[in-house]
Structures are given as C-alpha cells and as structure tokens.
Amino acid sequence: MLLEINNVYKSYKSLYGRTIREVLKDTSLSVGEGEKVAITGPSGSGKTTLLNLAGTLDTPDKGDIIYRGTSLFGQGPEYLARFRNREIGFVFQSHHLLPQLTLWENILIPSLPQNGDKKDVYNRAEWLLNETGLWEIRHQKPGELSGGECQRTAVVRALINKPSLLLADEPTGSLDSSNARMLIGLLIMLGEKENTAIIMVTHSSEVASGMDKIYKLNDGRLS
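On a predicted model such as this, the values are computed, not experimentally measured, just so you know.

*Asks:* Before we move on, could you go through unusual backbone geometry and cite the residues and values that matter?
*Replies:* Despite not being glycine, N7 shows a phi value in the positive range, around 50°. Note on placement: N7 falls in strand 1 (residues 3-13). Under the relative-accessibility criterion, N7 is labelled partly exposed at 41%. Phi angles above zero are rare outside glycine, and K162 is one such case at about 55°. Here K162 lies in the loop between helix 5 (147-159) and strand 7 (165-169). Given the relative accessible area of 55%, K162 is considered exposed.

Below is the structure:
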C-alpha cells in the first residue's frame, strides 16, 4: 500500500487551546500505487485538511499517516521536507506560479534541491511541456498566459520530480468546462504513464467519475 491514513482526528483550536471546530473524526483512507481517488463533499467538510495531512503540510491531533510502511508523523522537519520534495506533487485551485519567472523557470523550482543530473531534469521538463502543449510558450511569464495554461504549468511543476503521489485540490475550480476536461484528462494520462497515484478533491461529479474510487467526506468522516 502506498498511503494509509489511519483513524485520524483533526480540530482547529483557539489561541487558548480551546477546540473551536472538529474537522476530521476517526477518518481512514488507503491508496494503492497508481490508484486514482476522488474526495467529494460540501464546502467546509475538511477535504483540504485531509489533503494537507496526506502531504504532511499539517499534523493530526490523533491517528497516523503511513507511507510505504513508514509512519510520517514524529519525523523531523528535514525528513518531511525531503519527503514532500521527492514523493509528493501538489496542484492547487490557484496555480501559485511566481509572476517574475518564466513558465520554464517555474516548473524547475521543485528540482532545485535535487542533486541529480540537471540534463535529466531538463529532458523531463521538455517532455512534459510537449505532452501538455506548452513547449512553444515556455519563455513566457504567468501574466502572459491563460488560466488553462497556468494550471497546466502547475501540473507540470507538480510532476517534474516524478512523484509517486499527486495531491490535487479543486484544480479545475477556476476553469471553464473545456479546460477542466483537458486538465483532468492530462492528469489521468500522465498519472497512468508513470503509475502516479492521485488524490483529488473536487465538487464536480464529472471530474470524480474519471477516478478509480470516489469517497464523500461529510461530518468529518469518509464514506
């Protein structure tokens, strides 16, 4: 099993330690290698919180998250930073591209901490940009790109380090239906080529239908 989220609880607290809202309650989820999972549910149900826990951007109050047999929580910050860089790709609803950098420079940012052959990274970047139809505009900056082009760039950036797990939080929320279908098709195609598992948060039943499994998060629990 690639990822196991076991009996996780997560609440938000006030400055004085008082629980304001319990978001996740005894939540569990297992994701296999290359498996595509959709998480649906109403706004405020904890979908983004669940993704943040899976990607070690946040820590649970109780429970554990295990990645390929290793418990992630209790590990030091340097270990978790390396883990995120090597194993996880993040795609958010807003692309979060750096406006002062070109498309090419933006997608190479996650590769900077890596010590491998930069030629291999550049070859991969070229392949991904050709696969996504972005090669010809690689020297343009985000302000010169459409919303769909920016989101495709964010996907390429998320995949540059060959992650084993892609976490996507409403990646089509700001796109029209045509660009949304293109982006989801792209994620699935690239994921299948490299056996990359996907956990995608979405409100769209059409988007969810393209995944292997669909879960609904409501009242802090998955069903």
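*Asks:* An account of the sheet that holds strand 10 (residues 221-222) is needed here, citing residue identities and associated values.
*Replies:* Here we have six strands laid out as an open sheet, ordered 6-7-8-3-9-10, and mixed in their pairing. The sheet is open, and its two borders are formed by strand 6 (88-91) and strand 10, each paired with just one other strand. On the sheet, helix 2 (residues 77-87) packs against strand 6 and strand 7 and is oriented at approximately 75° with respect to strand 6. In the packing of helix 6 (residues 177-194) onto the sheet, the strands contacted are strand 3 (36-40), strand 7 and strand 8 (197-201), and the crossing angle to strand 8 comes to about 160°.

About the cut-offs
- Residues numbered from 1 in each chain as written.
- Predicted model: local features only at pLDDT ≥ 70, side-chain atom pairs only at ≥ 80, totals over all residues.
- Heavy atoms only, no water.
- Helix = DSSP H or I, 4+ residues; strand = E, 2+ residues; numbered from the N terminus.
- Buried < 20%, exposed > 50% of the residue type's maximum accessible area, 1.4 Å probe, protein only.
- Pairing = 2+ DSSP bridges.
- Contact = heavy atoms within 4.5 Å.
- Axes fitted to C-alpha atoms, helices over the stretch in contact; angles between N-to-C directions.

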